[in-house]
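Coordinate inspection notes
Residues per chain are reported as follows:
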Amino acid sequence: NFAFTGDSTFLASGITGTVNAVYNQSDMILCILDNSTTAMTGHQPHPGMGITMMGKRVEPVDISKVLEGIGVKFIKTVDPLNLRESVDAVRAAMNETGVRAIIFKSPCIAITSKGSPWEVGESCVGCMRCVNEIGCPALIPYEAEGKKKVKIDTALCVGCGLCSQICPAGCIGGRADD
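Predicted, not measured: the structure shown is a model, and the values here were computed from it. (Residues numbered from 1 in each chain as written. Predicted model: local features only at pLDDT ≥ 70, side-chain atom pairs only at ≥ 80, totals over all residues. Heavy atoms only, no water.)

**Quick word on the overall build of the chain**
Filter applied, for reference: To qualify as a helix, a DSSP run of H or I must reach at least 4 residues; to qualify as a strand, a run of E must reach at least 2; elements of each kind are numbered from the N terminus. Only protein chains enter the accessibility calculation, which uses a 1.4 Å probe; a residue whose area is less than 20% of its type maximum is buried, one above 50% is exposed, and one in between is partly exposed. By definition, residues are in contact when any of their heavy atoms lie within 4.5 Å.
Along its length, the chain carries five helices and eight strands. Projecting the C-alpha coordinates of the chain onto the three principal axes gives extents of approximately 60 × 40 × 25 Å. When the 178 residues of the chain are sorted by exposure, 32% land in the buried category. Within the chain, contacts between residues separated by at least 24 positions form 68% of all contacts whose residues are at least 6 apart in sequence.

Encoded structure:
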């Protein structure tokens, strides 16, 4: 069983459920999507950000230490934009029992600087794996000479590079502005 929560939701209301899951010896993988913001409700500060409601800088609450403190034995923090690292963490968690936690930590793309957009080379085989597996709105399927292809809308691409890690043909790479 997998459970997903954001960092702010975990700190506001997910700790209690996690304590109960550990106490009741549940078998689950808790995925915490930590983007260090409260995006759904206006980006107000939360205890994991290190900024109080009054704007004072303080030591942020460390989610991994909270998990450790309530008895979670398996805790991994990974960059969700590193596909191999993320897949390896999920596989490792699946080989354990009890309550396990994976913290997927990466800055919120809505409040960070946009990276250079990627581009799709002519060697695109039209497998649509990039489109189907990550659902990125910047990946645009189209047809050329009767064959499926993909292009990247540079206005929507944030430059994360996840699509290049998924492409089995290795045709997504470089930067559109390099």
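After that view of the structure, there is still more to cover.
**Brief notes about helix α3 (residues 83-94)**
Note the threshold: Given a helix with a known number of residues, its expected span is that number minus one, times 1.5 Å. Throughout, the arc means that of the directions going from the helix axis to the C-beta atoms. Contacts described as polar in this section are N or O atom pairs within 3.5 Å, which, within protein, must combine one atom able to donate a hydrogen with one able to accept it, while residues neighboring in sequence count only if both atoms come from side chains.
Helix length check: α3 (12 residues) gives 17 Å between terminal C-alpha atoms against 16 Å at 1.5 Å per residue, within 8%. For α3, the set of buried residues is S86, A89 and A93. Considered in projection along α3, the buried side chains sweep an arc of 60 degrees and stay on one side of the axis. Of the exposed residues in α3, the ones pointing more than 90 degrees away from its buried face are R84, R91 and M94. Structurally, α3 contributes buried residues whose contacts are with β2 (28-34), β3 (74-78) and β4 (99-105). Two to three positions downstream of the cap, the backbone nitrogen of R84 sits 3.4 Å from a side-chain oxygen, assigning the N-cap of α3 to N82.

**Some points on a nonpolar patch on the surface**
We count it as follows: Exposure above 30% relative accessible area and no salt bridge define the residues that can form patches, which grow by joining like charges within 9 Å and nonpolar side chains of Val, Leu, Ile, Met, Phe, Trp and Tyr within 5 Å. Areas reported here follow the Shrake-Rupley algorithm with a probe of radius 1.4 Å; residue values treat only the protein chains shown as occluding. The salt bridge criterion pairs a side-chain nitrogen of Lys or Arg with a carboxyl oxygen of Asp or Glu, the two atoms within 4 Å.
There is a patch of nonpolar side chains on the surface, built from F2, F4, L33 and M94 and spanning about 430 Å² of accessible area. Mapped onto the elements of the fold, F4 is located in strand β1 (residues 2-6). Judged by relative accessible area, which is 57%, F4 ranks as exposed.

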